[in-house]
Amino acid sequence: MKILQLSTLKQSLGKIHLKNFVHNPLKTKNEKYMQEGYYKISAAMSRPVSYIVDLTKDADMQRFMFLESMKKHLIRPVQNMSGLESEYAAKIYSKVTEPLAQHFSVVKRTNDSLETVSKIFDLAHDEKSLDFVQSVQYEVLDGSADSAKLIIDMLSSKNRADYIENLDRYVSYLKLNSKDADAITKLDRLIQTGKYNQTEYDNRLSVKNLMKNHAIKTFMSDKAADLEGNFSQDSERILKLLVTNYTRDKQAIQPEVQQQIIDIYKTSDEKNSELRTAILNQFKYRKLQEQENSLEEIKRLFNRIDENEDVRKFIQKVISKGMKVHSVAELNHILDITPLKKATVFFNNTKRIISISAGEERAKALKDEIENPFFVPQHKIKHTGIYSGEPNLGFISKMLKMVENEINKFRYRRMIKNQVINTTLTPAADIKTDGSKIKFRRLKPSTIEYKIRLSEDVNNVIKNMLSAKTYEKQYENYTQNATGMRLKLLPDIFSAISKEASEARKQGKPVSVKRQNALVLYKKINDRNRKMIRYMLKQTNKDGSKTFSLKNIIRTIDEIETEIATRRKADKNFKYSDTKLIYAGKYASMVSKYGKLGRNNPG
């Protein structure tokens, strides 16, 4: 029998770790190992020992161990190879004259016949393609029974070079479709027609993994398609927090609650997820029935932050500086009644007012006392444990507080002054630009007068329509957000509210719409949606009743804006003009369904 020389053995040991052999590479031990190896391989291949000796006569230890690896990993569950398998073992051995680590890996991780392994080595004939096979086995298929066919189909495909070079692009598709016998045929077709979308399959795989979370699987398993269409790491984090905090009671997951979670999930992105996460962590789970931290209130707060920079800045301070607010509903109420620019500048004063006052006294203080660093309420709040009297400050502390307050007054006055100046600037259409920057010019004093007159006109409308209490709370919001198109629709909004309330009373139903709600719709009006809002405010049914309630109108606009935000997130080339097209399409569909405005409601 041929015995390998020790020098050859030492040379081969540098190529691969032989765990059954290298601990003590003495010549006598090596010879014994080799002799036993011949007999084992001979028995497994059902061939004489002389055949094995002759087959391996020119082999170094690396090749000998490669032949043995086929015996170890490719004859289970039977003890011996068939004659055909034995032939393929010899064929593979003869073909692979310098086995690499990848060759051993392919043999070890392929649960299929040696004929199949031979096909893989026919197609993967260089180190790069072998690396590809190994990557598919480890990263995609984990040695599953279907791995060999998938690998052979990819290496035989006309897209072979693309698969080898850009495997990462197809990993999610392969993981999702590895058990489909026609997976690569379908993938080739998708690539040929230009319909392959890596993001789509990445999202599907991410959501599939997301469903391993017990709570999400329990409450959101039927919403997988919605989750896939808007998946990102940011939205995933928000979803986990929402489900954890708001689905402890299995009765709570009704379709409307699921939809609220989906709406919040869809609008969560890199820009807003950090603040949203902080809010959800601060306001932990409470029963939905209490409506203190309900999903409706959460959604309302998140929408306000996204739409209004002043709200975002104020909420960031609320979170970072630990304002004593006990629920999202309370926070929304504070936003309803507080002049936010001023409250953000005088934040310590605002924080003090909220900490030591409540009810009407707090509401009045947030309007009139924000610039007062020493505000003291007439009634103390027992549940906070804060004494409502004059704080016991020393002389120096009081002086420092006064100095800080005076500085804030200066900052606020300058901010308001700059805001007024900015409103008097507009792009100068007759001035040529360099294509990257727009030059501005100051408008005539008449424009400033127009702004003042516009605010006065809005004030006249709301003063006649709102109660004194509501007027005091909302005056600043109405005038700060005043535009010509909003002013034109303001009487229509109040008229629609009156008519809706009147219809409810005639039918003996509770009046759900209030004049305070007008501000919500008023602030949503812009050049994209004003035509649709006007239509919905004026449209009536054949019996003269209103077709759209105020809540219907607000919900419709919110849904369209959510759709626009989703499309903008998915399409980097999405333009402002595209939003107008979306609104135009929705408006045309609405007119087609409900008809044009009648003579009594001229358009």
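Residue indices follow the written sequence of each chain, beginning from 1 at its first position. Note on the predicted model: pLDDT of at least 70 is required for a residue's local features to be given, and 80 or more for side-chain atom pairs to be given and counted; whole-chain, interface and lining totals, by contrast, use all residues. The side-chain values count all of the structure's non-hydrogen atoms but skip hydrogen atoms and water molecules.

Asker: Explanation requested: the overall build of the protein chain in the structure shown.
Answerer: Along the backbone of the protein chain there are 32 helices and two strands. A simple rule labels every residue: compare its accessible area, found with a 1.4 Å probe on the protein chains alone, to the largest value its type can have, and call it buried under 20%, exposed over 50%, or partly exposed in between. Relative to its 603 residues, the protein chain shows a buried fraction of 43%. Only heavy atoms matter for contacts: two residues are in contact if any of them lie within 4.5 Å across the pair. Across the protein chain, contacts joining residues at least 24 apart in sequence account for 67% of those joining residues at least 6 apart. Of the roughly 33,700 Å² of accessible surface on the protein chain, a fraction of 49% belongs to carbon and sulfur atoms. Each helix corresponds to a stretch of at least 4 residues labelled H or I by DSSP, and each strand to a stretch of at least 2 residues labelled E; elements are numbered beginning at the N terminus. The accessible surface values rely on the Shrake-Rupley method and a 1.4 Å probe; as for residues, cover is taken only from the protein chains in view.

Asker: Just checking my understanding: could you explain a positive patch on the surface for this structure?
Answerer: Together, K175, K179, K208 and K212 give the surface a local cluster of positive charge. On the secondary structure map, K212 appears in the loop between α13 (198–210) and α14 (214–220). A residue counts toward a patch only above 30% relative accessible area and without a salt bridge, and it is joined to like-charged neighbours within 9 Å or, for Val, Leu, Ile, Met, Phe, Trp and Tyr, to nonpolar neighbours within 5 Å. Salt bridge, as used here, is a side-chain nitrogen of Lys or Arg placed within 4 Å of a carboxyl oxygen of Asp or Glu. A positive count includes Lys and Arg, and a negative count includes Asp and Glu. His and the chain ends are not counted in either. For this purpose, a charge sits on NZ of Lys, CZ of Arg, CG of Asp or CD of Glu.

Asker: Help me out: how do you make sense of the packing of helix α23 (residues 347–356) against helix α24 (residues 359–368) in this one?
Answerer: In contact at an axis separation of 9 Å, α23 and α24 are set at 170° when each is read in the N-to-C sense. The pairing of α23 with α24 is recorded here as roughly antiparallel in orientation. Where α23 approaches α24, its residues T350, I353 and I354 are matched on the opposing element by R362, A365 and L366. Just so you know the grouping, Ala, Val, Leu, Ile, Met, Phe, Trp, Tyr, Cys and Pro go in nonpolar, Asp, Glu, Lys and Arg go in charged, and all remaining residues, Gly too, go in polar. When grouped by side-chain class, the residues that make up the contact of α23 with α24 number four nonpolar, one polar and one charged. Only the stretch in contact is used when a helix axis is fitted, and all axes are lines through C-alpha atoms; the angle between N-to-C directions ranges over 0 to 180 degrees. For classification purposes, an angle smaller than 35 degrees is called roughly parallel, one larger than 145 roughly antiparallel, one from 65 to 115 roughly perpendicular, and anything else oblique.

Asker: Honestly, the nonpolar core in this entry has me stumped. Any pointers?
Answerer: As a rule of thumb, soluble globular proteins bury nonpolar side chains together. Ranked by size, the top nonpolar core spans 53 residues in total, and within it M220, L227, L239, I279, L301, F314 and I315 carry the most contacts. One finds A59, M70, L114 and Y196 within the second-largest nonpolar core, a separate group that totals 52 residues. Throughout, nonpolar core names a set of buried Ala, Val, Leu, Ile, Met, Phe, Trp, Tyr and Cys residues whose side chains join them through atoms within 4.5 Å.

Asker: Explain the environment of L550 here, please?
Answerer: By the element assignment, L550 lies in helix α31 (residues 550–570). Assessed through its relative accessible area of 3%, L550 is described here as buried. Separated by 33 residues in sequence, L550 and N517 have C-alpha atoms that sit 8.2 Å apart. When residues no more than four places from it in sequence are discounted, the contact partners of L550 are I493, I497, E500, V513, N517, A518 and L521.

Asker: How do you make sense of the packing of helix α6 (residues 101–108) against helix α8 (residues 127–141) when you look at a structure like this?
Answerer: Between two packed helices, the angle of one axis relative to the other and the distance separating the axes together describe the packing. Following both chains from N to C, one finds α6 and α8 inclined at 35°, their axes separated by 9 Å at the closest point. As for how α6 packs across α8, the hand of that crossing is left-handed. In contact with Q102, H103, S105 and V106 of α6, α8 contributes E127, L130, D131, V133, Q134, Q137 and Y138. Across the contact of α6 with α8, the residue classes break down as four nonpolar, five polar and two charged. Two helices crossing with the near one rotated counterclockwise from the far one by less than a right angle form a left-handed crossing, whereas a clockwise rotation gives a right-handed crossing.

Asker: What's the story with the pattern of salt bridges in this structure? I'm lost.
Answerer: Counted under the stated rule, the structure contains 27 salt bridges. Between K149 and D153 there is a salt bridge, and its shortest N-O distance comes to 2.7 Å. Placement of the pair is K149 and D153 together in helix α9 (residues 147–156), with a separation of four residues, close to one helical turn. With a relative accessible area of 24%, D153 lands in the partly exposed category. Residue K364 pairs with D368 through a salt bridge whose shortest N-O separation is 3.2 Å. Here K364 pairs with D368, and both are found in helix α24, just four residues apart, close to one helical turn. Of the residues examined, K364 reaches a relative accessible area of 55% and is grouped as exposed. Judged by relative accessible area, D368 falls into the partly exposed class, the value being 42%. Ionic contacts of the salt-bridge type, sharing partners, join the residues E297, R300, R304 and D336 into one network.

Asker: Got a minute to help me understand α13 in this structure?
Answerer: Within an α-helix, residues lying three or four positions from one another point in the same direction, as the helix has 3.6 residues per turn. Here the expected length of a helix is defined as 1.5 Å per residue gap, with one fewer gap than residues. With 13 residues, α13 should reach 18 Å at 1.5 Å per residue; the first-to-last C-alpha distance of 18 Å fits that figure. Looking at α13, one finds that the buried residues are Y201, N203, L205, V207 and L210. The backbone nitrogen of T199 has a side-chain oxygen 3.0 Å away, supplied by the residue at the start of α13, namely N197. Under the rule applied, a polar contact is a pair of N or O atoms within 3.5 Å (in protein, one hydrogen donor and one hydrogen acceptor; residues adjacent in sequence only if both atoms are side-chain atoms).

Asker: It is not clear to me how the environment of K324 should be interpreted in this structure. Could you clarify?
Answerer: Along the chain, K324 falls in the loop between α20 (309–320) and α21 (328–337). Under the relative-accessibility criterion, K324 is labelled partly exposed at 45%.

Asker: Got a minute to help me understand a nonpolar patch on the surface in this structure?
Answerer: Together, F395, I396, M399, L400 and M402 give the surface a local cluster of nonpolar side chains, amounting to about 560 Å² of exposed area. Within the element layout of this structure, M402 appears in helix α25 (residues 395–422). You can call M402 partly exposed: its relative accessible area is 41%.

Asker: Mind showing me how you'd approach the side chain of E330 here?
Answerer: Relative to the helices and strands, E330 resides in helix α21. Residues within four places of E330 in sequence aside, it is in contact with K324, V325 and R362.

Asker: Explain the packing of aromatic side chains to me, please; I cannot follow it from the model alone.
Answerer: The description of an aromatic ring pair uses the distance of the two centres, along with the angle that the planes make with each other. Put simply, two rings from Phe, Tyr or Trp (the six-membered ring, in Trp's case) pair if the centres are within 6.5 Å, and we call them stacked under 30 degrees between planes, edge-to-face over 60, tilted for the rest. By the definition in use, this model includes 13 aromatic pairs. Residues F66 and F104 carry aromatic rings whose centres are separated by 5.5 Å and whose planes lie at 70° to one another, so their mutual orientation is edge-to-face. One end of the pair, F66, is in helix α4 (residues 61–73); the other, F104, is in helix α6, with 38 residues separating them in the sequence. Accessibility assignment for this pair places F66 and F104 in one class, buried. An aromatic cluster of at least three residues, connected via ring pairs, comprises Y163, Y170, Y173, Y196 and Y201. Lysine NZ or arginine CZ positioned within 6 Å of the ring centre and within 35 degrees of the ring normal marks a charge as sitting over the ring. One cation-aromatic arrangement involves R63 over Y93; the distance from NZ or CZ to the ring centre is 4.1 Å.

Asker: Would you mind going over the confidence of the model for the protein chain with me for this structure?
Answerer: Close reading of the predicted structure is inappropriate where its pLDDT is low. Looking at the protein chain as a whole, its pLDDT mean stands at 79, while 79% of the residues score no less than 70. Mean pLDDT across the secondary structure elements of the protein chain bottoms out at helix α1 (residues 6–13), with 38, and peaks at helix α12 (residues 183–192), with 94. Across residues 1–28, confidence stays below pLDDT 50; counting only partners more than four residues off in sequence or on other chains, it has 41 contacts. Confidence of the prediction at every residue is given by pLDDT, a number between 0 and 100. In the predicted structure, residues 76–80 sits below a pLDDT of 50 and forms five contacts with residues beyond four places in sequence or in another chain.

Asker: Sorry if this is basic, but what is going on with the environment of S502 here?
Answerer: Looking at the element boundaries, S502 is found in helix α28 (residues 484–506). Among the residues examined, S502 registers a relative accessible area of 29% and is labelled partly exposed. Sequence-wise, S502 and S545 are 43 residues apart; in three dimensions their C-alpha atoms are separated by 10.0 Å.

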